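Chain and residue survey
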Amino acid sequence: MGKLTSGRWFAAALAASAVLTAGCTAQVDAEDLPGLYRNKETGGEIRLDSDGTFTATDLSTDEHADPADFHGQWEFVDSSASDFVYLDIDERGIGEVSGVQLYARGGGKVAFSTPDGSWSLVLTKSTEN
């Protein structure tokens, strides 16, 4: 598959995911995103830095994933269907997902969630640094 074709496929997949989750997301300003987000129940957290990097500690990105630590680069995607943060995870091996979406919920909240809404891990922005 050529670079152009795979790029179009990737963009279509992101757009389809955004449409499926449009009901559970909110429009946000990208400048408000940097900071530390935590889930009190699991103890998992993610830090979105203003330089476009992130670090995650003890986080599950979907309902079947064990909590893990990971890092990489993040990019805000302002979509008409829903806003999300694309996390490009560093050091992933062959056959592993190299990126995931973190949905902006507004009100200082972001979430990993399944498209059908059956699972969600909501993280709230911390006032602590």
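The structure we're discussing is the one just above.
Residues numbered from 1 in each chain as written. Predicted model: local features only at pLDDT ≥ 70, side-chain atom pairs only at ≥ 80, totals over all residues. Heavy atoms only, no water.

Comments concerning the overall build of the chain
Looking only at helices and strands, one finds one helix and eight strands in the chain. The order of α-helices and β-strands along the chain, N terminus first, is α-β-β-β-β-β-β-β-β. Taken across its 129 residues, the chain has 36% of its residues classed as buried. Relative to all contacts within the chain whose residues are 6 or more apart in sequence, the contacts with residues 24 or more apart total 39%. When the accessible surface of the chain is totalled, it reaches about 7600 Å², and 51% of it is carbon and sulfur. (Helix = DSSP H or I, 4+ residues; strand = E, 2+ residues; numbered from the N terminus. Buried < 20%, exposed > 50% of the residue type's maximum accessible area, 1.4 Å probe, protein only. Contact = heavy atoms within 4.5 Å. Areas by Shrake-Rupley, 256 points an atom, 1.4 Å probe, with all protein chains shown as cover.)

So, the sheet that holds strand β2 (residues 45–48)
An order of β1-β2-β3-β4-β5-β6-β7-β8 is seen for the eight strands of this closed barrel, with the pairing classed as antiparallel. Strand-to-strand twist in this sheet, taken as the mean axis angle between neighbours without regard to direction, amounts to 30 degrees. Relative to strand β8 (residues 120–125), strand β1 (residues 35–38) runs antiparallel, the two sharing two bridges. Across the sheet, residue Y37 finds its bridge partner in β8, namely K125. (Pairing = 2+ DSSP bridges. Axes fitted to C-alpha atoms, helices over the stretch in contact; angles between N-to-C directions.)

Details of the side chain of S60
Tracing the chain through its elements places S60 in the loop between β3 (53–59) and β4 (68–77). At 3.0 Å, the side chain of S60 and the backbone oxygen of A65 are in polar contact. Setting aside its immediate chain neighbours within four residues, S60 contacts A65, D66, P67, F112, W119 and L121. (Polar contact = N/O pair within 3.5 Å; in protein donor to acceptor, adjacent residues only side chain to side chain.)

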